[in-house]
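What the coordinates show
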Amino acid sequence: MKFPVRPERAEEWASLAAEYARAVNAEEGCLFFEWSRSIEEPDTWVCVEGFRDAAAGGAHTSTDAFRQFVEQAPDLVARQPQIIYVDAPDVSGWGPMGEISPRS
């Protein structure tokens, strides 16, 4: 997901994002939940998340943390966030990239 954040609300967003990430990463079905900032658009925060399965993702949207995030985020975003959703049942987390390995 991409979240375009109002520059004047950046500190509030950073606090909300950190708190939300801690809560989501503590969920039983969460494999990973991470935030980063776009290099090309520094006011855009990018979220990458993975859940064990569709049921875990569904359970995530019924948590207090999700409800609180959805309640607070509209005051901090500059535009509507964008999302790509992929359900990949055979993927259980990050895997190695075959094209790059550390040089000796």
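Criteria and cut-off values
- Residues numbered from 1 in each chain as written.
- Predicted model: local features only at pLDDT ≥ 70, side-chain atom pairs only at ≥ 80, totals over all residues.
- Heavy atoms only, no water.
- Pairing = 2+ DSSP bridges.
- Helix = DSSP H or I, 4+ residues; strand = E, 2+ residues; numbered from the N terminus.
- Axes fitted to C-alpha atoms, helices over the stretch in contact; angles between N-to-C directions.
- Contact = heavy atoms within 4.5 Å.
- Core = buried A, V, L, I, M, F, W, Y, C linked by side-chain atoms within 4.5 Å.
- Buried < 20%, exposed > 50% of the residue type's maximum accessible area, 1.4 Å probe, protein only.
- Phe/Tyr/Trp six-rings, centres within 6.5 Å; stacked < 30°, edge-to-face > 60°.
- Expected span 1.5 Å × (residues − 1).
- Arc of directions from axis to C-beta.

**A closer look at the sheet that holds strand S3 (residues 44-51)**
- In spatial order, the strands read S1-S3-S2; together these 3 strands make up an open sheet with antiparallel pairing. Each having just a single partner strand, strand S1 (2-4) and strand S2 (30-37) make up the two edges of the open sheet. Taken pair by pair, the neighbouring strands of this sheet meet at an average axis angle of 20°, ignoring direction.
- Note: S1 against S3, 3 bridges, orientation antiparallel. Directly across from proline 4, in S3, lies its bridge partner threonine 44.
- Along the sheet, helix H1 (residues 10-25) makes contact with S1, S2 and S3, crossing S2 at roughly 165°.

**Topic: the pairing of S2**
- Examined bridge by bridge, S2 and S3 share 7 bridges and lie antiparallel to one another. Within the sheet, the bridge partner assigned to cysteine 30 lies in S3 and is phenylalanine 51.

**Concerning the nonpolar core**
- One finds Phe3, Trp13, Tyr20, Phe33, Trp35, Trp45 and Phe69 to be the most contacted residues of the largest nonpolar core, which totals 20 residues.
- For this core, the secondary-structure elements that each account for two or more residues are H1, S2, S3 and helix H3 (64-72).
- What tryptophan 13 contacts, discounting residues up to four positions off in sequence, is Phe3, Val5, Trp35, Trp45, Phe69, Ala73, Leu76 and Val77.

**Quick notes on the packing of aromatic side chains**
- Tallying each qualifying case throughout the model produces 12 aromatic pairs.
- When the ring of phenylalanine 3 is compared with that of phenylalanine 69, the centres are 5.8 Å apart and the planes differ by 80°; the resulting orientation is edge-to-face. With phenylalanine 3 in strand S1 and phenylalanine 69 in helix H3, this residue pair connects regions lying 66 residues apart in the sequence. The exposure classification of phenylalanine 3 matches that of phenylalanine 69, with both residues buried.
- Measuring from centroid to centroid gives 4.2 Å for tyrosine 20 and phenylalanine 69, while their planes differ by 5°, and the two rings are stacked. A residue pair is termed long-range when its members are at least 10 positions apart, and tyrosine 20 in helix H1 and phenylalanine 69 in helix H3 qualify at 49 residues.
- With relative accessibility at 6%, the residue tyrosine 20 sits in the buried group.
- Following the ring pairs from residue to residue traces out a cluster consisting of Phe3, Trp13, Tyr20, Phe33, Trp35, Trp45 and Phe69.

**Topic: H1**
- The end-to-end C-alpha distance of H1 is 22 Å, a good match for the 22 Å that 16 residues give at a rise of 1.5 Å each.
- Along H1, the residues classified as buried are Trp13, Leu16, Ala17, Tyr20, Ala21 and Val24. Projected down its long axis, H1 shows its buried positions confined to an angular sector of 135°, all on one face. For H1, exposure combined with an orientation more than 90 degrees from the buried face picks out Glu11 and Arg22.
- Among the structural elements, S1, S2, S3, helix H2 (54-60) and H3 are those in contact with the buried residues of H1.

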